[in-house]
Amino acid sequence: MMNSIQSVLSENATREITIGASPSEWGLEVQRTDATFWVPIGVAPIVIGSATGCDVRIEDRTVSARHASFVREGRGLVVRDLGSRNGTFVGGARVEEFVLRAGTAVTLGCTTVLCEPVPRSRASVDDEPLPGLIGQSMVMRELAQHVRMLAKRSAPVLIAGETGSGKELVARSLHDLGPLRAGPYIPLNVAALPRDLVESELFGHERGAFTGAVKRRAGAFAEAAGGTLFLDEIGELPLDAQPKLLRALDGYEMRRVGGGAGDKSKARLIAATHAPLGEFVASGRFRRDLYHRLEVFIVREPSLRERKGDIPGLATHFLRRLEPEVGAMLCSPCAMSRLAHHDWPGNVRELRNVLFRAVSFVDESRVICGSMIDRAFDRKPAERVHLTVATARSMLEDHEGNISAAARAAGLPRTTFRKIVFGDGEQ
């Protein structure tokens, strides 16, 4: 598994942190399992490595003593490899020098460093991450701060975020950190409910109210009394059920299907959506009054592409979950770089699935290589990776002459890698 990361800031880096960074300045987000370090980049280069004298020291056995430097040139940021053993990777390709753009992730050994022109104020968030959510990035720590504040309240909360980003985990944290944590937590996915049973699931029904109603049922609101009701994919709630949900939120008695008035709601409501509810309101698919009742407090769940610095920790977490079944696995620097540069439209759920598929391609080396990640993405090895002869030969030396291992690390077919090193006619 990837070693933990320890960042030790030099006097130069510490001085810049004291001064602070304006929103136009570049910085490096370096993470470890229990802390996050935000390192602004000033005029002087920042050297990252495992040696004591580096500006940022990383305790990672795959990182060289002086691995790479980051320096501002003009209005951009340039990374330079300092002759490292395991290489510096951007987009799955080993680079000697590369001009970075906002959000670019650079892989040093098994460590990923995220480069962003972000205000220094992001680093002032000191809340611990939410229970069950993997990630030490600044956006996740900001999320934790927001959730802890809202957990103390009783008003409804709307969680907005892309599919697979972990909205249900945020909802659980709102419950577990709040005053109703001793009460029940009832999750209900609205999109998975048959349309004709939505009201019954929410508010209950009387015996004989419809075919199959062989006995009286309380409904999710009643089951969540004294606790939290989580309605996932609230945008899929049918229009005819929306007024009844609004009445429940406004404190009126809830009517069971086929019966009279029941009790008033005694549960806190948390809703989640990946859909643009504002657009749904404009098109008439969602009631405006219900929307405004739900949007008093909104929590925005960041997508995985907004927190790529969390990918190494997430990858380690998922691989550890697989250990009882397949044994210990490692992600090579090239594989980690592939993961860091994917856009992840399916977010954390997609990352989990890609890793689970990649494990099936691993040989006796127990190492997931870049080409295996490409296969897990169901695509051919990245053709954008172009190695110089010197770089390819250096990689071959790093792998003690093992062409197959070096080719896997480069994310290239063995024959292609051999041609780069020896030329077409070499056997």
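For the structure, check the block above.
Residues numbered from 1 in each chain as written. Predicted model: local features only at pLDDT ≥ 70, side-chain atom pairs only at ≥ 80, totals over all residues. Heavy atoms only, no water.

## Some remarks on the sheet that holds strand 13 (residues 185–189)
Just so we agree on the cut-off: One requirement defines pairing of two strands: DSSP has to find at least two bridges between them. Note on conventions: DSSP H or I runs of at least 4 residues are helices, E runs of at least 2 residues are strands, and numbering of each starts at the N terminus. To obtain each axis, a line is fitted to C-alpha atoms, and for helices this fit is confined to the stretch in contact; angles are then taken between N-to-C directions over 0 to 180 degrees. By definition in these notes, contact holds between two residues if any of their heavy atoms fall within 4.5 Å.
What the five strands build is an open sheet, ordered 13-14-17-12-18; its pairing is parallel. Pairing within the sheet leaves two strands with one partner each, and these edge strands are strand 13 and strand 18 (297–300). Geometrically, the sheet is characterised by an average inter-axis angle of 20° between neighbouring strands, direction not taken into account. Summarising the sheet, strand 13 and strand 14 (residues 228–232) pair through five bridges and their orientation is parallel. Paired with P187 across the two strands is F230, which belongs to strand 14. The strands touched by helix 2 (residues 138–151) are strand 12 (157–160), strand 17 (268–273) and strand 18; relative to strand 18, the strand with the most contacts, the crossing angle is about 155°. Its contacts with the sheet place helix 3 (residues 167–176) against strand 12, strand 13, strand 14, strand 17 and strand 18, and it is angled at close to 155° to strand 12.

## Observations concerning helix 6 (residues 242–249)
Heads up, the rule is: Burial classes follow relative accessibility: with a 1.4 Å probe on protein chains only, a residue under 20% of its type's maximum area counts as buried, one over 50% as exposed, and anything between as partly exposed. To be clear, the arc concerns the directions from the helix axis to the C-beta atoms.
Looking at helix 6, one finds that the buried residues are Q242, L245, L246, A248 and L249. Buried residues of helix 6 fall within an arc of 160° about the axis and therefore sit on the same side. Looking one or two residues beyond helix 6, the residue adopting positive phi is G251, at roughly 90°.

## Points about the packing of helix 2 against helix 3
Short version of the rule: Here the word oblique covers every angle except those under 35 degrees (roughly parallel), over 145 (roughly antiparallel) and from 65 to 115 (roughly perpendicular). Working rule for handedness: look at the near helix, and if it is turned counterclockwise from the far one by less than a right angle, call the crossing left-handed; if clockwise, right-handed. Gly counts as polar in this scheme, as do all residues outside two lists: the nonpolar Ala, Val, Leu, Ile, Met, Phe, Trp, Tyr, Cys and Pro, and the charged Asp, Glu, Lys and Arg.
One can describe the packing of helix 2 onto helix 3 by two numbers: an axis separation of 8 Å at closest approach and a directional angle of 45°. When the axis of helix 2 is compared with that of helix 3, the two are oblique. Considering only the axes of helix 2 and helix 3, their crossing is right-handed. Side by side, helix 2 and helix 3 meet where L143, V147, L150 and A151 of the first sit next to V170, S173 and L174 of the second. Per-class residue counts for the contact of helix 2 with helix 3 are six nonpolar, one polar and no charged.

## Some details on the pairing of strand 3 (residues 46–49)
Within a regular strand, side chains alternate between the sheet's two faces. Here strand 3 shows two buried faces, one formed by I46 and I48 and the other by V47 and G49. The pairing of strand 3 with strand 5 (residues 68–73) spans three bridges and is antiparallel. Along strand 5, the bridge assignment pairs I46 with F70. Inspection of the sheet shows strand 3 paired to strand 4 (residues 56–57) by two bridges, in the parallel sense. Looking at strand 4, one finds that G49 is bridged to R57.

## Digging into the sheet that holds strand 9 (residues 97–100)
What the five strands build is an open sheet, ordered 4-3-5-6-9; its pairing is mixed. With partners counted over all chains shown, the strands left at the sheet margins are strand 4 and strand 9, one partner each. Examined bridge by bridge, strand 6 (residues 76–81) and strand 9 share four bridges and lie antiparallel to one another. For V78, the partnering residue across the bridge sits in strand 9 and is V99.

## Focus on the packing of aromatic side chains
Where we set the bar: Two aromatic rings, drawn from Phe, Tyr or Trp (for Trp, its six-membered ring), form a pair once their centres lie within 6.5 Å of each other, and the interplanar angle then sorts them: stacked below 30 degrees, edge-to-face above 60, tilted otherwise. Charge over a ring is defined by NZ of Lys or CZ of Arg lying within 6 Å of the ring centre and within 35 degrees of the ring normal.
Enumeration according to the criterion identifies four aromatic pairs in this entry. Centre to centre, the rings of Y185 and F230 are 6.5 Å apart; their planes meet at 15°, and the pair counts as stacked. Note that Y185 is positioned in strand 13 and F230 in strand 14, a separation of 45 residues in sequence. With respect to burial, Y185 and F230 carry one shared label: buried. When the ring of W344 is compared with that of F377, the centres are 5.5 Å apart and the planes differ by 55°; the resulting orientation is tilted. Placement of the pair is W344 in the loop between helix 10 (333–340) and helix 11 (347–359) and F377 in the loop between helix 12 (370–376) and helix 13 (389–398), with a sequence separation of 33 residues. A relative accessible area of 0% means that W344 is categorised as buried. Over the ring of F280 we find R285, and its NZ or CZ is 3.9 Å from the ring centre.

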